[in-house]
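Here is what each chain is made of, one letter per residue.
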Amino acid sequence: MLDRLEPQSPDALLALIQMHAADERPDKIDLGVGVYRTDEGATPVFGAIKEAERRLVEDQDSKSYLGPEGDTGFVTALMPYAFGENPTMGGRLAGMQTPGGTGAVRLALALGQKAGLKWLHMGTPSWPNHAQIAQDLALEIAPFNHASDDGTANVEAALDAIRGAGAGEAILLHGCCHNPTGIDYTIEEWEALAEAIAESGIFPIIDIAYQGLGHGIEEDAAGYRRVLDKVPEAFIAYSCDKNFGLYRDRVGAFYMLADSADMLDKAQSNANALARASWSMPPDHGAAAVRLVLRDEKLVQNWRGELTAMRERLRKVRDRLAQSGEAGRLDLAPLGTQNGLFSMLPVSKEEVARLRQEHGIYMAGSGRINVAGLTMGNIDKFIRALADVTG
Ligand code: PMP
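Residues numbered from 1 in each chain as written. Predicted model: local features only at pLDDT ≥ 70, side-chain atom pairs only at ≥ 80, totals over all residues. Heavy atoms only, no water.

Considering the sheet that holds strand 6 (residues 203–208)
Here is step 1 of the chain: Spatial ordering of the open sheet is given by 2-8-7-6-5-3-4, a layout of 7 strands whose pairing is mixed. Single-partner strands in this sheet number two, and they are strand 2 (93–99) and strand 4 (140–145). Each strand axis lies, on average, 20 degrees off the axis of its neighbour in the sheet, ignoring direction.
Here is step 2 of the chain: Sheet topology places strand 2 next to strand 8 (residues 251–257); 7 bridges connect them, and they run antiparallel. Its bridge partner lying in strand 8, Pro 99 is registered against Val 251. (Pairing = 2+ DSSP bridges. Helix = DSSP H or I, 4+ residues; strand = E, 2+ residues; numbered from the N terminus. Axes fitted to C-alpha atoms, helices over the stretch in contact; angles between N-to-C directions.)

Structural notes on the environment of Ile 236
Here is step 1 of the chain: On the secondary structure map, Ile 236 appears in strand 7 (residues 234–239).
Here is step 2 of the chain: Exposure remark for Ile 236: the relative accessible area of 0% places this residue in the buried category.
Here is step 3 of the chain: Linking Ile 236 and Gly 168, residues 68 residues apart in sequence, is a C-alpha distance of 18 Å.
Here is step 4 of the chain: Each residue touching Ile 236, except ones within four places of it in the same chain, is listed here: Phe 83, Leu 93, Ile 206, Ile 208, Leu 228, Ala 253, Phe 254 and Tyr 255. (Buried < 20%, exposed > 50% of the residue type's maximum accessible area, 1.4 Å probe, protein only. Contact = heavy atoms within 4.5 Å.)

A word on the packing of aromatic side chains
Here is step 1 of the chain: Under the definition given, this model contains 7 aromatic pairs.
Here is step 2 of the chain: Taking the centre distance of 5.5 Å and the plane angle of 85 degrees together, the rings of Tyr 81 and Trp 303 count as edge-to-face. Remark: Trp 303 occurs in helix 11 (residues 297–323) and Tyr 81 occurs in helix 3 (residues 72–83); sequence separation between them is 222 residues. In terms of burial, Tyr 81 and Trp 303 fall into one category: buried.
Here is step 3 of the chain: Relative to Phe 342, the ring of Tyr 210 has its centre 6.2 Å away and its plane inclined at 90 degrees; by these criteria the two rings are edge-to-face. One end of the pair, Tyr 210, is in the loop between strand 6 and helix 8 (217–230); the other, Phe 342, is in strand 11 (residues 342–344), with 132 residues separating them in the sequence. Across the pair, Phe 342 and Tyr 210 agree in class, each one buried. (Phe/Tyr/Trp six-rings, centres within 6.5 Å; stacked < 30°, edge-to-face > 60°.)

Observations regarding the site of the ligand
Here is step 1 of the chain: In the vicinity of the ligand there are 13 residues, among which Thr 102, Asp 207, Tyr 210, Asp 241 and Arg 250 approach most closely.
Here is step 2 of the chain: For the ligand, a nitrogen atom lies 2.5 Å from a polar atom in the side chain of Asp 207.
Here is step 3 of the chain: Contacts to the ligand include Arg 250, whose side-chain N or O atom sits 2.7 Å from an oxygen atom.
Here is step 4 of the chain: Here the ligand loses 90% of its free accessible area of 400 Å² to cover by the protein chains. (Near = heavy atom within 4 Å. Polar contact = N/O pair within 3.5 Å; in protein donor to acceptor, adjacent residues only side chain to side chain. Areas by Shrake-Rupley, 256 points an atom, 1.4 Å probe, with all protein chains shown as cover.)

Considerations on the environment of Lys 118
Here is step 1 of the chain: Looking at where Lys 118 falls in the secondary structure, it is placed in the loop between helix 4 (100–114) and strand 3 (119–124).
Here is step 2 of the chain: Overall, Lys 118 belongs to the exposed group, its relative accessible area being 52%.
Here is step 3 of the chain: Along the chain, Lys 118 and Leu 173 lie 55 residues apart, while their C-alpha atoms are 17 Å from each other.
Here is step 4 of the chain: Those residues in contact with Lys 118 that lie beyond four places of it in its chain are Leu 139, Glu 140 and Gly 168.

Looking at the nonpolar core
Here is step 1 of the chain: Among the nonpolar cores identified, the biggest contains 99 residues, and Phe 244, Tyr 255, Trp 303, Leu 321 and Phe 382 are the most heavily contacted of them.
Here is step 2 of the chain: Residue contributions to this core reach at least three from each of two domains, namely domain 1 (2–45 + 312–390) and domain 2 (65–295).
Here is step 3 of the chain: For Leu 321, the contacting residues outside a window of four places in its chain are Leu 332, Leu 335, Val 371, Leu 374, Ile 379, Phe 382 and Ile 383. (Core = buried A, V, L, I, M, F, W, Y, C linked by side-chain atoms within 4.5 Å. Domains from an automatic or database assignment.)

So, the pattern of salt bridges
Here is step 1 of the chain: Taken as a whole, this structure holds 16 salt bridges when the rule is applied.
Here is step 2 of the chain: Across the pair Asp 380 and Arg 320 runs a salt bridge, and its minimum N-O distance is 3.2 Å. Linking Asp 380 in helix 13 (residues 379–390) with Arg 320 in helix 11, this pair joins segments that are 60 residues apart in sequence.
Here is step 3 of the chain: Of the residues examined, Asp 380 reaches a relative accessible area of 36% and is grouped as partly exposed.
Here is step 4 of the chain: Arg 320 gets classed as partly exposed once you look at its relative accessible area, which sits at 28%.
Here is step 5 of the chain: Through salt bridges with shared partners, a single ionic network connects Glu 51, Arg 54, Arg 55 and Asp 296. (Salt bridge = Lys/Arg side-chain N within 4 Å of Asp/Glu carboxyl O.)

With respect to the side chain of Arg 368
Here is step 1 of the chain: In this fold, Arg 368 is placed in strand 13 (residues 368–370).
Here is step 2 of the chain: We note that Arg 368 is buried and unpaired, the nearest opposite charge coming from Asp 11 at a distance of 8.3 Å.
Here is step 3 of the chain: Separated by 3.2 Å, the side chain of Arg 368 and the backbone oxygen of Gly 32 make a polar contact.
Here is step 4 of the chain: Looking at Arg 368, its side chain comes within polar contact range of the side chain of Asn 179, at 3.0 Å. (Lys, Arg positive; Asp, Glu negative; His and termini not counted.)

Such coordinate-based values are descriptive only and should not be taken to indicate function.
Now the structure itself:
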């Protein structure tokens, strides 16, 4: 039977990690991997999470099964951060824990499909797994250009997709810190999107994987909350794997906004059934640690401080790149106004290969860089190398 399978190409970023590990040059730079790094190149466990884990080990008295909805205390504790002062939106919004943001995106698309979703409108480029999950579910993807050549969001393309949509169509939007471009909508653009979505009836799916890494917890939520305020229904996929540094512990949540409490119950029971058939229930540990952090004022303060330090470091690297202006034929100025871990450089595959071979600089073939891979110690070398290969 297995002979009938077609071999699949390995994940390109994993291949890049292996190549980087095998490179013996001491000043090599890894801009491929999708995790935060400190100025020393580390991806440490948050202090607030360490403390919560200590308490978990000490106090947890059972590891018996929860249910498909996972740690409901975690799901509820996260809601004021994601949704603001009226976190259930009058009893219309509820959620469940998922294995990472990936599990939440999977559930959003699978539940959408169960409810008649056929077409997924999506700005491209996007996080590659968006398309992979949609394809796995045999959903049709209707792509539009997320960004314009000048490094700003192409909101007209999104508005056109929304205005032309009919029944059975959804639009996937990144809540903040767009992966891979770093280009987010302005608040005015979010307002225009919200109005158009409400008017056309297209179903919004918001993917939030980097809240707090752009401009702040509240600032990063302001845009997508405008959409949620205007629409009768929506799905939200949320990842805590970046903003709590929990990556491998797989911490995420899937939220549903419905027009009435009855409809919300119906959606939740279907989401539970899908989760049961997929992973039965999500891994507990990381979500329990987040719950302990969010329920303790002092740990919340620590967590917010650590998140602020990450955000400020990303901003400092971006400012430095932007200030350097031109590097060869590249204009680095737009990187200063982009957000989060990622940005795209308009470099060719050959230039990416030369950066790797001649300078020991590793980045995705698409030109995506993780700005957290840059430090005050290696950023000048990076800018010089860019000037060299694109000059
Ligand atoms: N959505 C986006 C846009 C992402 O970039 C990521 C992670 N890279 C995810 C979802 C999924 O995150 P997780 O690791 O929590 O599954």
